[in-house]
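# Examining the three-dimensional arrangement
For reference, the chains in residue letters:
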Amino acid sequence: MEKWSLMTITVLLALTVRWTVSLGSYSGAGNPPMYGDYEAQRHWQEVTYNLPVRQWYFNTSDNNLLYWGLDYPPLTAYHSFLCAYIAKLINPDWIALHTSRGYESQPHKLFMRTTVFVADLLVYIPAVILYCFSLKETSTKKKASIWGVCRALCILLYPGLILIDHGHFQYPLSLGFALWAVLCLSYEWDLLGAVAFCLALNYKQMELYHSLPFFCYLLGKCFKKGLKGKGLVLLTKLAGTVVVSFAVCWLPFCTDMAQIMQVLRRLFPIDRGLFEACMFSSPPPPNIWCSLSVLIKIKNIVSPQTQLKLSFAVTFLSLLPTCIKLTVQPSLRAFKFALVSCALSFFLFSFQVHEKSILLVSVPVCLILNEIPFMATWFLLVSTFSMLPLLLKDGLLLPYAVTMLAFLSVCVAAFSIFEKTSAEDLQLKPFSLSLKGYVSWFKSFPKIVRSLFLLSLTLMGVLSLASAAVPPPQRLPDLFPVSVSVISCLHFLMFLVYFNVVILWDSKNRSQKKIS
């Protein structure tokens with residue numbers, strides 16, 4: 001009974017924070033002609049409800065693709081249609097073809113915010129709660145319940161997701177489905193996990209960030225079972241599950257190859273070039289290409305096709321060691337760390353990255369918060385900070401400051417993060433032992449790490465205040481946004497090295513927490 005009471009309190013607190021943030025501004029409010037992501041979601045409802053399926057992804061007189069044309073997979077379109085159906089019952093003006101463009105009102109804002117709130121409540125939050133309360137603990141049952149609450153509270157109070165979903169405006173469904181997939185694999189429900197991840201991928205194509213860890217982990221399990229016996233059976237079942245799941249999601253578009261190709265062109269607009277996100281985002285996202293472009297104008301030196309090849313090569317090489325290790329030695333723990341490492345490699349090195357894509361790294365980091373609380377907390381703070389210019393643009397300074405401080409306070413109280421900075425706590429013991437003669441250097445390692453963390457916090461705090469209160473020099477109008485982007489990128493490169501070291505030096509027979 002106490003467990004359910006604690007769980008209820010945790011969920012109510014998380015919902016209260018989300019609803020409070022949602023009362024503020026949203027992306028593009030009162031800013032014509034394009035407005036922002038809020039208008040994009042509303043426009044997709046307008047298009048999917050009023051036009052036949054065959055026109056959803058095509059440029060027509062009724063569907064101008066230059067004005068927030070649908071560029072996500074079919075599941076997003078179906079979700080937009082469902083929301084539009086409900087909107088039509090409440091007020092047809094909200095989704096009227098052509099005349100509803102840029103529609104803004106308090107009742108409509110309440111409706112749109114509620115759709116995000118319901119999606120969070122039905123998909124994302126239940127997955128977090130089940131994940132946190134199903135981890136087996138060696139301590140007493142009462143203490144395990146308290147630990148479950150601490151984990152769930154920290155994850156549900158992660159500022160980045162709250163501010164983007166309930167402030168900026170975005171649905172948490174793809175990340176929610178991905179979390180359900182991880183949960184299913186934790187219980188060894190591999191086929192259900194495959195279905196859940198297919199739903200995530202068919203809601204947002206950016207879930208490709210997580211695709212290789214899922215593929216390598218499941219393939220490694222098949223190899224482990226033997227490809228001449230149970231492994232082959234599992235591989236066949238998984239392949240069939242994926243094919244059927246995709247076929248069901250794409251069924252309305254499967255009647256015509258031209259439809260399929262047009263959807264794919266909308267999902268992967270590679271003709272826009274490597275720096276499309278840098279040109280249309282303010283500021284440029286904190287990946288390696290946009291950060292380097294501050295010093296070296298790569299787009300002026302390298303052709304678009306070469307940019308694409310370079311991006312693919314660097315991304316592939318950065319992913320390769322982790323994917324090989326996971327395939328050869330599949331384990332649930334390695335799988336979760338691989339989700340982090342691979343998603344971070346995609347974010348830093350892949351094609352057309354947007355600042356919000358860091359959430360695809362942050363959610364897997366939340367899953368290992370109990371294993372490396374210090375580094376996970378640090379990363380989650382930096383990931384939110386990296387979106388600061390976008391949040392300031394949306395008028396979310398106060399929610400940003402409050403949720404950041406609240407999250408840090410909860411993590412410090414729940415996990416005592418400053419006491420968990422030794423090489424063993426950071427899971428760097430195998431790496432430190434491999435250095436042999438340099439092991440003595442690790443004696444001062446906790447102090448160095450804590451100092452770097454405090455320096456990082458100070459830098460983020462100063463830049464946050466400067467971005468909000470200090471006017472930039474006239475000659476350098478983007479000084480603060482670019483500084484945020486570059487500093488965040490440097491942090492992410494450090495974290496990428498750290499996560500890869502943890503994965504590659506992890507012992508095969510290392511004891512790991514399992515799911516009950």
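For clarity, every value in this text was computed on a predicted model and none was experimentally measured.

### What about the domain arrangement of the protein?
Many descriptions give the size of an interface as the accessible area lost when the pieces come together. Domain assignment breaks the protein into domain 1 (171-267) and domain 2 (269-508). Computed over C-alpha atoms, the centres of domain 1 and domain 2 are 26 Å apart. Counting from both sides, the interface comprises 23 residues of domain 1 and, opposite them, 24 residues of domain 2. Linking domain 1 with domain 2 are zero salt bridges, by the criterion used here. Here domain 1 and domain 2 share one residue pair in polar contact (both at pLDDT 80 or more) between them.

### Digging into helix α10 (residues 257-267)
Three or more residues of α10 are buried, namely Q259, I260, Q262, V263, R266 and L267. Down the axis of α10, the buried side of the element spans an arc of 165°, and every buried residue falls inside it. As for α10, its buried residues are in contact with α9 (211-250). One side-chain oxygen of the residue at the start of α10 lies 3.0 Å from the amide nitrogen of A258, identifying that residue as D256.

### Describing the pattern of salt bridges
All chains considered together, the criterion is met by eight salt bridges. A salt bridge links R333 to E371; its shortest N-O distance comes to 3.3 Å. Taken together, the positions of R333 in helix α15 (residues 332-349) and E371 in the loop between α16 (359-367) and α17 (373-385) put the pair 38 residues apart, joining distant regions of the chain. In this pair, the class of R333 matches that of E371, namely buried. Residue K336 pairs with E371 through a salt bridge whose shortest N-O separation is 3.5 Å. Of the two residues, K336 sits in helix α15 while E371 sits in the loop between α16 and α17, which places them 35 residues apart along the sequence. You can call K336 buried: its relative accessible area is 4%. Exposure remark for E371: the relative accessible area of 15% places this residue in the buried category. Three or more residues are tied together by salt bridges with common partners; here these are R333, K336, E371 and D506.

### Here we look at unusual backbone geometry
A negative phi angle characterises most non-glycine residues, just as the trans form characterises most peptide bonds. Of note, the bond from P32 into P33 is cis; its omega dihedral lies within 30 degrees of zero at 10°. With respect to the secondary-structure elements, P33 resides in the loop between α1 (2-22) and α2 (37-50). The backbone of H98 shows a phi angle near 75°, a positive value even though the residue is not glycine. For H98, the location among the structural elements is in the loop between α3 (74-90) and α4 (106-134). The class of H98 is partly exposed, set by a relative accessible area of 43%. Of note in the backbone geometry, S416 takes a positive phi value of approximately 50° without being a glycine. On the basis of relative accessible area, S416 is assigned to the partly exposed category, the value being 28%.

### Here we look at the side chain of R266
Inspection of the secondary structure assignment puts R266 in helix α10. Among buried charged residues, R266 stands out as having no salt bridge; its nearest opposite-charge side chain is D71, 4.6 Å away. There is a polar contact of 3.2 Å between the side chain of R266 and the backbone oxygen of L70.

### Looking at the environment of P284
Its place among the elements puts P284 in the loop between α11 (276-280) and α12 (288-292). What makes P284 buried here is its relative accessible area of 19%. Separated by 200 residues in the primary sequence, P284 and V484 have C-alpha atoms spaced 9.7 Å apart.

### Here we look at a nonpolar patch on the surface
Residues F81, L82, Y85, I86, L89 and I90 make up a contiguous nonpolar surface patch of roughly 600 Å² in combined accessible area. Checked against the element boundaries, I90 lands in helix α3.

### Let's talk about the packing of aromatic side chains
Taken as a whole and judged by the stated rule, the model has 30 aromatic pairs. Where W94 meets F111, the ring centres are 5.3 Å apart and the plane angle is 35°; that geometry is what we call tilted. You can see W94 sitting in the loop between α3 and α4 and its partner F111 sitting in helix α4, a full 17 residues away along the chain. Taken together, the aromatic side chains of F347, F374, W378, F379, F418, F453, F492, F495, Y498 and F499 make up a single cluster linked through ring pairs. When the ring centre of Y67 is taken as reference, the NZ or CZ atom of R101 above it lies at 3.7 Å.

How each quantity is defined
- Residues numbered from 1 in each chain as written.
- Predicted model: local features only at pLDDT ≥ 70, side-chain atom pairs only at ≥ 80, totals over all residues.
- Heavy atoms only, no water.
- Domains from an automatic or database assignment.
- Contact = heavy atoms within 4.5 Å.
- Salt bridge = Lys/Arg side-chain N within 4 Å of Asp/Glu carboxyl O.
- Polar contact = N/O pair within 3.5 Å; in protein donor to acceptor, adjacent residues only side chain to side chain.
- Buried < 20%, exposed > 50% of the residue type's maximum accessible area, 1.4 Å probe, protein only.
- Helix = DSSP H or I, 4+ residues; strand = E, 2+ residues; numbered from the N terminus.
- Arc of directions from axis to C-beta.
- Lys, Arg positive; Asp, Glu negative; His and termini not counted.
- Patch = residues over 30% accessible without salt bridge, like charges linked within 9 Å, V, L, I, M, F, W, Y side chains within 5 Å.
- Areas by Shrake-Rupley, 256 points an atom, 1.4 Å probe, with all protein chains shown as cover.
- Phe/Tyr/Trp six-rings, centres within 6.5 Å; stacked < 30°, edge-to-face > 60°.
- Lys NZ or Arg CZ within 6 Å of the ring centre and 35° of its normal.

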